[in-house]
Amino acid sequence: MTVNRVGLVVHGGRAEAVAAARTVRAWCAEHGVRCADIDVWQEGARHSAREEVDSAGDPDLIVTLGGDGTFLRGARLAAENDALVLGVDLGRVGFLTEVPAPAVREALDAVREERINIESRMLLTLRASCRLEVPTQMEALLRYGRGPMLPPPRVRSDCTAGSDWGVALDVTALNDVVVEKLSRDRQVSVAVYLAGRLLACYSADALLVATPTGSTAYSFAAGGPVVSPRAEGLVFTPVAPHMVFNRSVVAAPDEPVALRVLQGSGQAAVSIDGQLRGVLSPGDWIGVYAAPRRLKAVRLGPTDFYGRLRERMHLTDAPAALADGDAAPLWPVTTPPPADLAHLALPPVPGDASRTC
Ligand SMILES: NC(=O)c1ccc[n+]([C@@H]2O[C@H](COP(=O)([O-])OP(=O)(O)OC[C@H]3O[C@@H](n4cnc5c(N)ncnc54)[C@H](O)[C@@H]3O)[C@@H](O)[C@H]2O)c1
Ligand SMILES: Nc1ncnc2c1ncn2[C@@H]1O[C@H](COP(=O)(O)OP(=O)(O)OP(=O)(O)O)[C@@H](O)[C@H]1O
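I will try to describe carefully the structure that is included in this document. All figures in this text were calculated on a predicted structure; none of them were measured in a lab.

## Details of the site of ligand 1
Close to ligand 1 lie 17 residues, the nearest being Asp68, Asn175, Asp176, Thr216 and Tyr218. Here Asp176 contributes a side-chain N or O atom positioned 2.4 Å from an oxygen atom of ligand 1. Tyr218 is positioned such that a nitrogen or oxygen atom in its backbone is 3.0 Å from an oxygen atom of ligand 1. In the complex, the protein chains occlude 72% of the 770 Å² of accessible area that ligand 1 would expose alone. For the shell around ligand 1, the elements supplying multiple residues, two or more each, are helix H3 (68-81) and helix H6 (218-221). Ranked by residues supplied to the shell around ligand 1, first place goes to H3 with three residues. Among the residues making up the shell around ligand 1, the classes are represented as seven nonpolar, five polar and five charged.

## Topic: the sheet that holds strand E13 (residues 234-239)
In space, the six strands of this open sheet follow the order E14-E13-E12-E9-E16-E17, with antiparallel pairing throughout. Looking at the sheet topology across the chains shown, the edges are occupied by strand E14 (249-251) and strand E17 (275-280). For this sheet, the mean angle separating the axes of adjacent strands, direction not counted, is 20°.

Cut-off values and rules
- Residues numbered from 1 in each chain as written.
- Chains lettered and ligands numbered in written order.
- Predicted model: local features only at pLDDT ≥ 70, side-chain atom pairs only at ≥ 80, totals over all residues.
- Heavy atoms only, no water.
- Near = heavy atom within 4 Å.
- Polar contact = N/O pair within 3.5 Å; in protein donor to acceptor, adjacent residues only side chain to side chain.
- Areas by Shrake-Rupley, 256 points an atom, 1.4 Å probe, with all protein chains shown as cover.
- Helix = DSSP H or I, 4+ residues; strand = E, 2+ residues; numbered from the N terminus.
- Nonpolar A, V, L, I, M, F, W, Y, C, P; charged D, E, K, R; others polar.
- Pairing = 2+ DSSP bridges.
- Axes fitted to C-alpha atoms, helices over the stretch in contact; angles between N-to-C directions.

Below you can see the structure in the form of structure tokens.
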């Protein structure tokens, strides 16, 4: 694809990210590509995704230089602009990022010469019983070095409906939407509805709805399933529910998950991809559903999700299994798969994956 305008989202607190940003700017200058910094951490009030991409001149490629948090910020901007997003790995975990920092020039060449795959990833959006607001005193409490907060989501004027259906919010989440207790010592009580039907009423620290991409983030930490990012669905996971039924439920991509704060409950915070964006009072609800738009993530080769899971999460093998033998590669990679396997997605085993456990 032709790249004319690059938007840079840089983890400014990390020297390697700042250095890699210089490389991207130099590449852009050499190729006559406009490059704008999208300053998501500027002092003072934060802007909406639309305002940020407008001020950066509608980039068609967003390059993120940082970790997963930086990638999530870039993904929000890319989704708003229908741009591609390329994540350069300069973080602690880097589960979502694709390219190691030394390969950033090569990656930009590959995008320019169309030697890439574009992976389409599901995003979540929201309706709510009312506009989301964050009480002013909360920002002061939360400014522990994480920069200014994003504003509450804007109401979308392009999909109004009768008040029974709530207000549509201008939200795109790549990972998850979380409803969490606001006071430290009191759980929230929330009724959970799948496809409009009551599943159960929960008393819990938090309740979250994750995409397959987000299944390896907070949902994973709360005991939820790991879901291939190639799958479609909404993962509902309760966090420390005080009840017998504590499992995740995976809903179909066209089944919304709604969360209503019960009348006697305390208030609840709503976080979108790890950013606090609103507070719900008793009686308020949010409905989380698959967004019509998708994230377009740049991939330089076939995605090796399970290899990445083992490597980045440092999965360890059972000591007894280690003593009992080596796990050799499952299938040869030198011959094409037989006809009955030909329709399956089996990415080639990378050079170092033949390691034994
Ligand atoms: N207990 C928890 O694990 C917990 C609590 C709150 C939020 N979160 C997650 O943090 C995300 C925001 O990330 P952040 O980096 O801005 O916050 P952060 O700095 O608090 O990071 C949370 C951790 O999750 C990792 N992470 C983020 N997205 C991931 C993904 N899709 N797969 C695997 N790991 C992932 C990050 O690398 C980091 O190690 C939220 O969307 C939420 O899922 C996790
Ligand atoms: N552009 C920036 N300038 C200054 N500080 C930043 C910037 N981006 C993030 N930070 C700070 O760095 C810390 C980690 O941020 P965040 O978790 O979003 O980073 P990340 O990209 O996910 O990297 P990591 O993988 O290390 O978590 C936060 O305290 C945040 O305030």
